[in-house]
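Here is how the chains run, residue by residue.
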Amino acid sequence: MARGRLRIYLGAAPGVGKTYAMLSEAHRRIERGTDCVVAFVEHHDRPRTEVMLHGLEEIPRRELEYRGAVFTEMDVDAVLARRPQVALVDELPHTNIPGSRNAKRWQDVQELLAAGIDVVSTVNIQHLESLGDVVESITGVRQQETVPDEVVRRADQIELVDMSPQALRRRMAHGNIYQPDKVDAALSNYFRPGNLTALRELALLWVADRVDEYLNAYRSEHRVSKIWGSRERIVVGLTGGPEGRTLIRRAARLAEKGAGGEVLAVYVARSDGLNSASPKELAVQRTLVEDLGGTYHHVVGDDVPAALLDFARGVNATQIVLGVSRRSSWQYVFGPGVGATVARDSGPDLDVHLITHDEAGKGRLPLGRSARLGRSRLIWGRLTGVLGPVLLTWLLTSAAPEVGLANDMLLYLALTVAAALLGGLLPALTSAVVGSLLLNWFFTPPVHTLTIADPKNIVAIAIFVGVAVSVASVVDLAARRTQQATRLRAESEILSFLAGSVLRGETSLEALLERVRETFGMESVALLERADDVAPWTCAGSVGPRPCQTPERADVDVPVGDHMTLALSGRVLPASDRRVLAAFAAQAAVVLDRQRLQQEADQAKELAEGNRIRTALLAAVSHDLRTPLAGIKASVSSLRSDDVEWSEQDRAELLEAIEAGADRLDHLVGNLLDMSRLQTGTVTPIVREADLDEVVPMALGGVPEDSVELDIPETLPMVNVDKGLLERVVANVVENAVKYSPADNPVLVKASSMADRVEVRVVDRGPGVPDEAKERIFEPFQRYGDSPRGAGVGLGLAVARGFAEAMGGTLTAEDTPGGGLTMVLTLPTAPGRRPGRPDRPAAVTS
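Residues numbered from 1 in each chain as written. Predicted model: local features only at pLDDT ≥ 70, side-chain atom pairs only at ≥ 80, totals over all residues. Heavy atoms only, no water.

## Looking at the overall build of the protein chain
Secondary structure summary: the protein chain contains 24 helices and 25 strands in total. The buried share of the protein chain, taken over its 846 residues, is 43%. Surface exposure of the protein chain reaches about 43,500 Å², of which carbon and sulfur atoms provide 55%. (Helix = DSSP H or I, 4+ residues; strand = E, 2+ residues; numbered from the N terminus. Buried < 20%, exposed > 50% of the residue type's maximum accessible area, 1.4 Å probe, protein only. Areas by Shrake-Rupley, 256 points an atom, 1.4 Å probe, with all protein chains shown as cover.)

Listed below in structure tokens is the structure:
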């Protein structure tokens, strides 16, 4: 059955029109032919709301008596029996009267949704659980009736019912909300303009955050990479220099100009650790941005402009704030700089602000873009670019001076290409410059001068430099594309794993967190959660040594909703990796919810099993225990009677009946107690070596003489058992066999050894049990066939199997050849075999 859909009308305060809007929606749906009923709506004597109830079918409420008064609540059973398409349930956070089906009305709504019924409900912002402290600080009133945020957040639709504080106070003054005698107190206390304005802001911001979540989910689901400027998100690029404080304050002012503006400060660190900023300055800037209501992020990226743009597009930012470059004029020969590159590659969706500051133009070492080639390749490329031309010149001048200028150029060009293939652009340029100078000095006429006599040689050298730059650019582009392809392949494999784990229904949170730790090379991973914005963080699951206890201590933290985050420690991740990490974080939250639901289901199953056992126990007590008690009471009453003179034989028979009833009671109570011990897991066997020929005969005291035949060889090995439990097992099995076996066919109890086990077989010639019922007879409170109610409570075999398994043995049922049932008890043997004792017979009869 498909789960019902939940629609919630959210308001800032009572009286804004939530119930009126809900009833208007009900009338619209009824006009469209929808089966809609009123499960519970309270009009609070408001005339317009009461009028809206006309024409709507109302489910009768349930009456409950509490402390001498009668109250009405929603009748969940009546609504489920009526099974409408849509049910209207007002005041979702309401606390039900004690004795109701559920403690809270939102729990009633969950039942309706689970039954496939759509629900339309209402909530005020002050009743959200996470906002309790905030609302109390605003209004001075602590809300006692609350609803978990997750219940409201999971609603399929949330519609804000808004009204200005002035209009709401006018409605209050006109008597449209409260009775006239309560209006003045309400206007001067809870409904003050400041309170209503603050509550209205809370409602607007909360709904805006939910809309933002829905938007991000939609963009992720439909893989929308284009930036949608639905709200202002401003990314501040920090370098770790003192100008960062100026940039953060400027970004905060920009955010204040837009509705719901958000500031995200990001520092891009190089993977090789070079040119890292001062940790102290970054800590100051992090504190500043958090004080201004923004967030701080630390990512890794060798290509700083690309990392900034990846991060901005990943968070759906609309603006980027950067400082004017600190480079000196001569340093622009290494490239246009981060600001110019970001502005060039940002596209039409991102606005880039370059902010002037006091550090502009004071000089800064340029950041290379070739770190993607690897440290060893860079070293060999630089050696080739600097020393290669010198070594080649020495070889050509000493070993082959007459090769010719054209061949000399080709050799230098080959060396430049080699430098480009190894180290990228900078080593290739170095090789080209050094090689062209050496080529001009040693091999271009006139030699030993930097002048060139033939103009054709100038063209050749220019082509030589152009080819070197082109080859180096191609190598750099190929390395970049290779790195992107490798990263995309890794991301696709990770996302494929996540999708597969969802389809397989894997529910191990630790396994998923371990996968996160291995995938991103982290030291530890923890999933943290808290009840509300001010509650302390708790760890729902972690892997690795010394997991983080708060997000502030983590190297990387990814929020999952309002009160959950995935915290990783070990290293800072690149901006591009955070997208995949966000998918892991969302899956971890899903796995945690699934685990908790499974635990609740297991607990419910245990409770249901316990209820079934208790029900059966009550049935057994109501009849099987009362029968012997009635017999004992009748016999005792007869003996105490003064009206009848009993003979000695009659007195003996009555006393015998009392003794038989007491023995039967003792047996029944013993089985009940044993079954309760098995159900609660308190059976702890004391396993020691024992002889079967000593234990088994002691278990036959409760059966008639000549009803059992024993066949226990004296050469059997000793067994590792609890003597008391083994005696109970054999006694219950033998008594059951004697009960069903004909009087002229004694039950056979024989034992044999096989490998490391000893097998005890209890053979009867009774009616037997069909194969489909052989396992069912070992369940509690089971009687087979037409056994009378007085034949026991059906626990004997269940207790016997439970005790056998507690000792490491088994108890199964087989057919007896020729008719009947054979119980097979298998027990573990003790090390070694005991010697035979010829003075004891091999078989005895009881």
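That covers the picture; the talk isn't over yet.
## With respect to the confidence of the model for the protein chain
The predicted coordinates ought not to be read in detail in places where the model reports low pLDDT. Looking at the protein chain as a whole, its pLDDT mean stands at 78, while 78% of the residues score no less than 70. Per-residue pLDDT stays below 50 along residues 833–846; that stretch engages in 31 contacts with residues further than four places along the chain or on separate chains. (pLDDT = per-residue confidence, 0-100. Contact = heavy atoms within 4.5 Å.)

## Quick notes on the packing of aromatic side chains
To describe a pair of aromatic rings, you give the distance between the ring centres and the angle between the ring planes. Scanning the model with the defined rule gives 0 aromatic pairs in all. Over the ring of Phe 40 we find Arg 105, and its NZ or CZ is 3.9 Å from the ring centre. Its end group placed over the ring of Phe 778, Arg 801 keeps NZ or CZ at 3.9 Å from the ring centre. (Phe/Tyr/Trp six-rings, centres within 6.5 Å; stacked < 30°, edge-to-face > 60°. Lys NZ or Arg CZ within 6 Å of the ring centre and 35° of its normal.)

## Thoughts on the nonpolar core
Counting residues in hydrophobic clusters, the biggest one holds 61 residues, and the most contacted among them are Leu 88, Leu 112, Ile 125, Phe 191 and Trp 206. Ranked by residue count, the leading element in this core is helix α9 (residues 193–221), at 6 residues. Look past the residues within four positions of Ile 125 in its chain and what remains in contact with it is Leu 10, Gly 11, Ala 12, Leu 131, Leu 199, Leu 202, Ala 203 and Trp 206. In terms of nonpolar packing, the next biggest core, distinct from the first, is built from 44 residues, Val 760, Val 762, Ile 777 and Phe 803 among them. (Core = buried A, V, L, I, M, F, W, Y, C linked by side-chain atoms within 4.5 Å.)

## Considerations on the sheet that holds strand β16 (residues 556–559)
Taken in spatial order, the 4 strands make up an open sheet running β15-β14-β17-β16, and their pairing is antiparallel. Pairing within the sheet leaves two strands with one partner each, and these edge strands are β15 (538–543) and β16. The mean angle between the axes of side-by-side strands here comes to 20 degrees, regardless of whether they run parallel or antiparallel. Where strand β14 (residues 524–529) and strand β17 (residues 564–569) come together, 6 bridges link them in antiparallel fashion. Bridge pairing in β17 links Val 525 to Leu 568. (Pairing = 2+ DSSP bridges. Axes fitted to C-alpha atoms, helices over the stretch in contact; angles between N-to-C directions.)

## With respect to the pairing of strand β21 (residues 747–754)
Across 4 bridges, strand β19 (residues 708–711) lies against β21 in parallel orientation. Across the sheet, the residue bridging to Leu 710 is Val 749, located in β21. Relative to strand β22 (residues 757–763), β21 is paired through 7 bridges, and the arrangement is antiparallel. By the bridge assignment for β22, Lys 750 is matched with Arg 761. The turn joining β21 and β22, which pair antiparallel and follow one another in sequence, is formed by 2 residues; a positive phi near 55 degrees is taken by Ala 755.

## Looking at helix α10 (residues 243–257)
Between its terminal C-alpha atoms α10 stretches 22 Å, which fits the 21 Å expected from 15 residues at 1.5 Å a residue. Taken residue by residue, α10 has Glu 243, Gly 244, Leu 247, Ile 248, Ala 251, Ala 252, Leu 254 and Ala 255 as its buried positions. (Expected span 1.5 Å × (residues − 1).)

## Things to note about empty space enclosed by the protein
One way to see where empty space is left: roll a probe the size of a water molecule over the atoms. All told, the structure shown has 2 cavities of 30 Å³ or more when counted by the stated rule. A volume near 50 Å³ is recorded for the largest cavity. Ala 12, Ala 13, Val 16, Met 163, Pro 165, Leu 168, Leu 196 and Arg 200 together form the lining of the largest cavity. Every element with two or more residues in the lining of the largest cavity is listed here: α7 (165–173) and α9. Lining the second largest cavity are Glu 129, Ser 130, Leu 131, Gly 132, Asp 133, Arg 142 and Asp 532. Here the lining of the second largest cavity is composed, by residue class, of 1 nonpolar, 2 polar and 4 charged. (1 Å grid on protein atoms, 1.4 Å probe; cavity = no way out; pocket = protein on both sides within 12 Å on 5 of 7 lines; lining within 4 Å. Points joined across faces, edges and corners; volume = space filled by probe spheres on them. Nonpolar A, V, L, I, M, F, W, Y, C, P; charged D, E, K, R; others polar.)

## Observations regarding the sheet that holds strand β12 (residues 319–323)
Pairing within the open sheet is parallel, and its 5 strands lie in the order β11-β10-β9-β12-β13. A single partner strand is all that each edge strand has here, and the edge strands are β11 (295–300) and β13 (351–355). For this sheet, the mean angle separating the axes of adjacent strands, direction not counted, is 25 degrees. Summarising the sheet, strand β10 (residues 262–269) and β11 pair through 6 bridges and their orientation is parallel. Looking across to β11, one finds that Ala 265 is bridged to Tyr 296. In the packing of α10 onto the sheet, contacts are made with β9 (233–238), β10, β12 and β13, and the angle to β9 comes to roughly 175 degrees.

## Points about a negative patch on the surface
A surface patch of like charges, here negative, comprises Glu 653, Glu 656, Glu 659, Asp 663 and Asp 666. Tracing the chain through its elements places Asp 663 in helix α21 (residues 648–680). Residue Asp 663 is classed as partly exposed on the basis of its relative accessible area of 48%. (Patch = residues over 30% accessible without salt bridge, like charges linked within 9 Å, V, L, I, M, F, W, Y side chains within 5 Å. Salt bridge = Lys/Arg side-chain N within 4 Å of Asp/Glu carboxyl O. Lys, Arg positive; Asp, Glu negative; His and termini not counted. Charge placed at Lys NZ, Arg CZ, Asp CG, Glu CD.)

## Here we look at the pattern of salt bridges
On inspection of all chains with the given rule, the structure shows 30 salt bridges. Measuring nitrogen to oxygen at the nearest pair gives 3.3 Å for the salt bridge that ties Arg 7 to Glu 25. Taken together, the residues span a long stretch of sequence, with Arg 7 in strand β1 (residues 6–11) and Glu 25 in helix α1 (residues 18–31) at a distance of 18 residues. Note on Arg 7: relative accessible area 13%, which makes it buried. In this structure, the salt-bridge partner of Asp 815 is Lys 774, at a minimum N-O distance of 2.7 Å. With a gap of 41 residues between them, Asp 815 in strand β23 (residues 810–815) and Lys 774 in the loop between β22 and α24 (796–806) connect regions that are remote in the sequence. On the basis of relative accessible area, Lys 774 is assigned to the buried category, the value being 10%. Here the residues in one salt-bridge network are Arg 7, Glu 25, Arg 28, Arg 29, Arg 32 and Glu 159, joined through shared partners.

## Focus: helix α23 (residues 723–740)
A rise of 1.5 Å per residue sets the reference length of α23, with its 18 residues, at 26 Å; its end C-alpha atoms lie 26 Å apart and thus fit the reference within 8%. Within the sequence span of α23, burial applies to Leu 725, Leu 726, Val 729, Val 730, Ala 731, Asn 732, Val 733, Val 734, Asn 736, Ala 737 and Val 738.

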